[in-house]
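# Results of the structural survey
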Amino acid sequence: MSRGRLVDLAWFGGCFAVGVWLGRLSVLPGTELALVWPAAGVAAAWLAVSGWSRPVLVDVAILFVVAVGAYGLTGASIGLSVGLAFATVVQTLVFGVLINRWCPGWWGFGEEPPPGVEQVRDFGYLALAALIASVVAAVLGPAAVISFSDTSWEQVVSWVLGNGTSVLAIFPLTLTARHLARASNPQHGPVPVGPMRGRGPVELVALVLVSVVVLWLVFFAKTGLPIPFLALAVSVWAGTRFSPVIADGHAFLLGGAVAVATVLGLGPFMVVEDPDNRALVVQGYVAMVVVLTLVLSIGRVEILDLNDRVRAQGTMVRTIVDSMADGVSVIDARGTVVLRNPAAAYLVGAPQQDESGAVDVDSYGLRHADGRPLSPEESPMALAQTGGTIEKDDLFVRNPAVPEGRLLEVSARPLPDSDPPMVVVLFHDVTAERRERDELASFAGVVAHDLLNPLTVVDGWSEALLEEARAGVSSDPATRAERLERIQRSAHRMQHLISDLLAYTTARDLTISPVRVDLDDLVGDVIRARVDASRASGQPEPQILVEGELPDVMAEPVLLRQVVDNLIGNAVKYVAPGVIPEIRICARTVPGVAGQMAVIEISDNGIGIPEGQHEQVFDSFHRAHRDGYRGTGLGLSIVKRIVERHGGTADARDNHGGGGTTMTVSFPAAGLG
């Protein structure tokens, strides 16, 4: 047997013997039953340590022997001592069966003692288990008393109240004491102990002093006044202001003081002449004090814990709402903003209020998606406040806080069971999504149109050649060659369009993994390829000059090459007939918002860009020159997409003092080293 086990047996055995002795001291003259019986609570806590493990048989045997000896030493006969000891063992085992079923952590906890009773529901289980166990034991305890003396129903009820109240008062104290002892034992390591929820030491001292005064006034001073309710008021104070362990200790000591006063023949309960009835009244009073104090204290702790959880959940929810990219606003029936996250302020601007403090809808500059003004009665807030639900309605907002304007998808609905009635409004920025959708629709239309034209040409001329072949008619070679050339040109046009569409998709969807790129090498490679292509096609060789040393950039090499090739290709293509392309390339490093940027300029002597189209040339399928120049209108939109995905900008301007255009793009500059 371990040293800790021996210490437990000695401690609980000694406490049980002391409890029997104190209980026997509280026996009223003229009756065999005590006013208080601490031994019942000690016995329940004793066996709860081992639970239903193998040593419980040893504990039961020791408990029985100690009980017989304690009863005998306090004046009980052998027969009475054995009967009372047997009843104590039965009561404790019945309590163990019930509490193990309802609150398993309280029975057989061993080295893991719970912190105590933390919920009113669990206290209810404890009280019910103590009551049932006491009733079962009463069948045996008073039966033993009956064998040696006269008894009455008042003594049976007193037995139940005394034993049950003892378990209610002592069992939670034992749990908490062992929990704190284990937490302070370094051999067991740190054990988290919940907050005791107690008040300050000044109020605790005040509680003690007031309790002493009330006890003296009610039970010890011979005032003759029936004022035991004053002690109940002090119990309410202890229960509503202090932790369960302090409240339980207060109730335990108060009940003991009431018993002492009654045994000494003092206090208001002495007006009850019959000893059995007096014992019953005192038992009921003490039980009321214990139950009232513990229910109030445990309920208070449970409410405080619930408030902490609600507060923590509220903080978590507010953190989540504040971190959302979508705007959230909650507005009450008066139009006052109750909750608003930062995204809402960013999307629609700061809340504007009228003289009454309600939200001023007109100040937000809300309009329908088609540009029609939005009246206050048509606002999502107003419609939701009338019980309606708005689902994903597109609205346009423009005000001083959002000068560029923004298209929002707005949803609004009443908050159920809110008092006062409130509505929640959600804002989702769909400006980019709607632009993408419109671009996609335009993209699909242009692709269908541009693919249909060459397909029509191919189909028409192929059909003409097929009809000649079926008819056995052979046209002259020049006609056949012309028809085949038309078919070939249409096929090339389709090929170029498909290639540009693939490049456009790549520029949009390819994952960007910037690396250090030697811009001099890349530009030189593109120039050589363009010169070789001009020679192979019999076109005049372009004159391309690179001014100075080009800085290294951080970019995706494939996409950067596509940008440079597109810009140089346009400079070679868009020149007047008979003019040799002259192209100048330079670059410089300038400070940017996110660091140094490399600005690349490609100037040409071409036909230039028509007035007013310098921004539109970067739109998808926009062609500034349609006559005499082939193209799909995707080249510069590809350039813009790639540049913007790298965090740069792209623009076009006319050359100063001459014809041609200068295209400017920027990429993050690579650092030194």
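Residues numbered from 1 in each chain as written. Predicted model: local features only at pLDDT ≥ 70, side-chain atom pairs only at ≥ 80, totals over all residues. Heavy atoms only, no water.

If you tally the helices and strands in the protein, you get 17 helices and 13 strands. Split into buried and exposed, the 673 residues of the protein put 43% on the buried side. Residue pairs in contact within the protein that sit at least 24 positions apart in sequence constitute 66% of those at least 6 positions apart. In the form shown here, the protein has an accessible surface area of approximately 34200 Å², with 62% of it arising from carbon and sulfur atoms. (Helix = DSSP H or I, 4+ residues; strand = E, 2+ residues; numbered from the N terminus. Buried < 20%, exposed > 50% of the residue type's maximum accessible area, 1.4 Å probe, protein only. Contact = heavy atoms within 4.5 Å. Areas by Shrake-Rupley, 256 points an atom, 1.4 Å probe, with all protein chains shown as cover.)

In this section: the packing of helix H1 (residues 3-25) against helix H2 (residues 38-50). Where H1 meets H2, the closest approach of the two axes is 7 Å, and the angle between their N-to-C directions is 165°. With respect to their mutual orientation, H1 and H2 come out roughly antiparallel. Judged by the sense of rotation from one axis to the other, the crossing of H1 with H2 is left-handed. Touching Arg 5, Asp 8, Leu 9, Phe 12, Gly 13, Cys 15, Phe 16, Gly 19, Val 20 and Gly 23 of H1 are Pro 38, Ala 39, Val 42, Ala 43, Ala 45, Trp 46, Val 49 and Ser 50, all from H2. (Axes fitted to C-alpha atoms, helices over the stretch in contact; angles between N-to-C directions. Parallel < 35°, antiparallel > 145°, perpendicular 65-115°, else oblique. Left-handed = near helix turned anticlockwise from the far one by under 90°.)

Turning our attention to the pattern of salt bridges. According to the stated counting rule, one finds 13 salt bridges in the structure shown. Where Arg 413 meets Glu 391, a salt bridge forms, and the shortest distance between an N and an O atom there is 2.2 Å. With Arg 413 in strand S5 (residues 402-414) and Glu 391 in strand S4 (residues 390-399), this residue pair connects regions lying 22 residues apart in the sequence. A residue is classified by how much of its surface remains accessible, and Arg 413, at 38% relative accessible area, is partly exposed. For Glu 391, a relative accessible area of 46% gives the class partly exposed. Residues Glu 601 and Arg 653 are paired through a salt bridge, measuring 3.5 Å at the closest nitrogen-oxygen approach. (Salt bridge = Lys/Arg side-chain N within 4 Å of Asp/Glu carboxyl O.)

Right, let's get into a nonpolar patch on the surface. Together, Leu 128, Leu 131, Ile 132, Val 135 and Val 136 give the surface a local cluster of nonpolar side chains, amounting to about 360 Å² of exposed area. Tracing the chain through its elements places Leu 131 in helix H5 (residues 120-148). By relative accessible area, which is 44% here, Leu 131 ends up partly exposed. (Patch = residues over 30% accessible without salt bridge, like charges linked within 9 Å, V, L, I, M, F, W, Y side chains within 5 Å.)

A separate point is the sheet that holds S4. Read from one edge to the other, the open sheet built from 6 strands follows the order S2-S1-S6-S5-S4-S3, with strand pairing classed as antiparallel. Pairing within the sheet leaves two strands with one partner each, and these edge strands are strand S2 (337-340) and strand S3 (366-368). Taking the axes of each pair of neighbouring strands and ignoring which way they run, one obtains an average angle of 30° across the sheet. In the sheet, S4 pairs with S5 via 7 bridges, with the strands oriented antiparallel. In the sheet register, Val 397 faces S5, and the bridge partner there is Arg 406. (Pairing = 2+ DSSP bridges.)

Okay, the nonpolar core next. For soluble globular proteins, the rule of thumb is that nonpolar side chains tend to be buried together. Counting 82 residues, the largest nonpolar core has Phe 16, Phe 95, Leu 126, Phe 171 and Phe 219 as the members making the most contacts within it. Of all the elements, H2 adds the most residues to this core, at 10 residues. Excluding residues that lie within four positions of it along the chain, Phe 95 makes contacts with Ala 44, Trp 107, Leu 126, Ala 129, Ala 130, Ala 133, Val 167 and Phe 171. Membership of the second largest hydrophobic core comes to 39 residues, among which are Ile 544, Val 572, Ile 585 and Val 617. (Core = buried A, V, L, I, M, F, W, Y, C linked by side-chain atoms within 4.5 Å.)

A word on the packing of aromatic side chains. Tallied over the full model, the rule gives 10 aromatic pairs. Both rings, one in Phe 219 and one in Tyr 285, keep their centres 6.1 Å apart while their planes meet at 65°; by these two values the pair is edge-to-face. Pair noted here: Phe 219 is in helix H7 (residues 201-220) and Tyr 285 is in helix H10 (residues 275-323), with a separation of 66 residues, a long-range link. Of the two residues, Phe 219 and Tyr 285, neither departs from the other in class, the shared state being buried. Through a chain of ring-to-ring contacts, three or more aromatic side chains come together here, namely Trp 52, Phe 95, Trp 106, Trp 107 and Phe 171. (Phe/Tyr/Trp six-rings, centres within 6.5 Å; stacked < 30°, edge-to-face > 60°.)

Across the interface, helix H8 (residues 229-241) lies against helix H9 (residues 244-263) with an axial gap of 9 Å and an inter-helix angle of 160°. In terms of their interaxial angle, H8 and H9 are classed as roughly antiparallel. Along this stretch, H8 crosses H9, giving a crossing that reads as right-handed. In this structure, H8 contributes Ala 231, Val 234, Ser 235, Ala 238 and Gly 239 to the contact, and H9 contributes Ala 247, His 250 and Leu 254.

As a further point, take the side chain of Thr 174. Tracing the backbone through its elements, the reader meets Thr 174 in helix H6 (residues 153-183). Relative accessible area serves as the criterion here: at 16%, Thr 174 is assigned to the buried category. Residues contacting Thr 174, with those up to four places away along its chain left out, are Phe 12 and Ala 45.

Read across the sheet, 5 strands follow the order S8-S10-S11-S13-S12 without closing on themselves; strand pairing throughout is mixed. In this open sheet, the two edge strands, each paired with only one partner strand, are strand S8 (543-546) and strand S12 (650-654). Ignoring strand direction, the axes of neighbouring strands in this sheet form an average angle of 20°. With 7 bridges connecting them, strand S11 (residues 595-604) and strand S13 (residues 661-668) associate as antiparallel partners. Among the inter-strand pairings, Ile 602 is bridged to a residue of S13, identified as Met 663. Packing of helix H16 (residues 557-573) onto the sheet brings it into contact with S8, strand S10 (582-592), S11 and S13, and relative to S13 it is tilted by some 175°.

By the secondary structure assignment, Val 290 is in helix H10. Filtering out sequence-adjacent residues up to four positions away, Val 290 remains in contact with Thr 165, Leu 168, Ala 169 and Ala 251.

Chain-level pLDDT for the protein is 80 on average; 84% of the residues reach the 70-or-more range. Low pLDDT (under 50) marks residues 186-196, which in the prediction has 15 contacts with non-local residues, meaning those over four places away or in another chain. For residues 620-626, every residue scores under 50 in pLDDT, and the model assigns this stretch 29 contacts once sequence neighbours within four places are set aside. (pLDDT = per-residue confidence, 0-100.)

The first and last C-alpha atoms of H8 sit 19 Å apart over 13 residues, in line with the 18 Å expected at 1.5 Å per residue. Every buried residue of H8 is listed here: Ala 231, Leu 232, Val 234, Ser 235, Ala 238 and Gly 239. In an axial view of H8, the angular spread of the buried residues amounts to 160°, which keeps them on one side of the axis. (Expected span 1.5 Å × (residues − 1). Arc of directions from axis to C-beta.)

Right, let's get into the pairing of S4. Pairing geometry for S3 and S4, over 3 bridges, is antiparallel. Paired with Arg 367 across the strands is Phe 396, a residue of S4. Counted along the chain from S4 to the antiparallel partner S5, the turn is 2 residues long.

Time to look at unusual backbone geometry. Even without being a glycine, Lys 392 presents a positive backbone phi close to 50°. Position of Lys 392 among the secondary structure elements: in strand S4.

Turning next to the side chain of Thr 661. Secondary-structure assignment places Thr 661 in strand S13. Classification of Thr 661 as buried rests on a relative accessible area of 4%. Among residues more than four places away in sequence, those in contact with Thr 661 are Ile 602, Ser 603, Asp 604, Gly 608, Ile 609, Ala 652, Arg 653 and Asn 655.

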